[in-house]
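Residue strings, one per chain:
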Amino acid sequence: MAIGVKSRFRPIWAAFLDLEFELVVSDEILYEYEEILQQHARSGIAGFVMEVFAESTNVIHPQVYYTWNAIKSDPDDNKFFDTAVAGNADFIVTNDAHFNVLKHLPFPSVNVISANDFLGFIENSLI
């Protein structure tokens, strides 16, 4: 939702391109991003974005050695949590309510924030 030129979240994409933060992902996450972009973006955008991710120095690919199964309501979302833990991410940025369970998980702890909150960090240069 941050890639669209008219998106109010576009500053997130711009900050990523300006190397202002690191993106922690796994191959599985990248496949999901590509699939969603192929479904919802103009032709060619998915390939372009995947190429940007492949070339960017601020994309981190940690090795996930353990699956926590922390999100029971949508097990497919666990790949994001497991990757965030393995990559020592500061937070998971999502508007998906399934991730709210992580806010009450004592260990391992990963902060969950909304895209709007992350946009606020970007706009206030707090990242």
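The structure presented is a predicted model; accordingly, all values stated were derived computationally and were not measured.

Where helix α1 (residues 10-17) meets helix α3 (residues 45-55), the axes come as close as 11 Å, and the angle between the chain directions of the two elements is 40 degrees. When the axes of α1 and α3 are compared, the pair comes out oblique. Listed contacts from α3 to W13, F16 and L17 of α1 are V49, V52 and F53. Grouping the amino acids of the contact of α1 with α3 by side-chain chemistry returns six nonpolar, no polar and no charged.

This part covers the pattern of salt bridges. Applying the stated criterion to the full structure yields two salt bridges. The partner of K79 in a salt bridge is E32, and the shortest N-O contact between them spans 2.6 Å. Pair noted here: K79 is in helix α4 (residues 78-86) and E32 is in helix α2 (residues 27-40), with a separation of 47 residues, a long-range link. One salt bridge in this structure joins D76 and K79, with 2.8 Å as the shortest N-O distance. On the accessibility criterion, K79 (7% relative accessible area) is buried. Each of the salt bridges in this network shares a partner with another, and the network as a whole consists of E32, D76 and K79.

Turning next to α4. Taken across its nine residues, α4 has seven buried, putting it largely inside the fold. The set of residues buried in α4 consists of N78, K79, F80, F81, D82, T83 and A84. Structurally, α4 contributes buried residues whose contacts are with β1 (23-24), α2 and β3 (91-93). Immediately downstream of α4, the backbone of N88 shows phi near 55 degrees, a positive value.

Rules and cut-offs
- Residues numbered from 1 in each chain as written.
- Predicted model: local features only at pLDDT ≥ 70, side-chain atom pairs only at ≥ 80, totals over all residues.
- Heavy atoms only, no water.
- Axes fitted to C-alpha atoms, helices over the stretch in contact; angles between N-to-C directions.
- Helix = DSSP H or I, 4+ residues; strand = E, 2+ residues; numbered from the N terminus.
- Parallel < 35°, antiparallel > 145°, perpendicular 65-115°, else oblique.
- Contact = heavy atoms within 4.5 Å.
- Nonpolar A, V, L, I, M, F, W, Y, C, P; charged D, E, K, R; others polar.
- Salt bridge = Lys/Arg side-chain N within 4 Å of Asp/Glu carboxyl O.
- Buried < 20%, exposed > 50% of the residue type's maximum accessible area, 1.4 Å probe, protein only.

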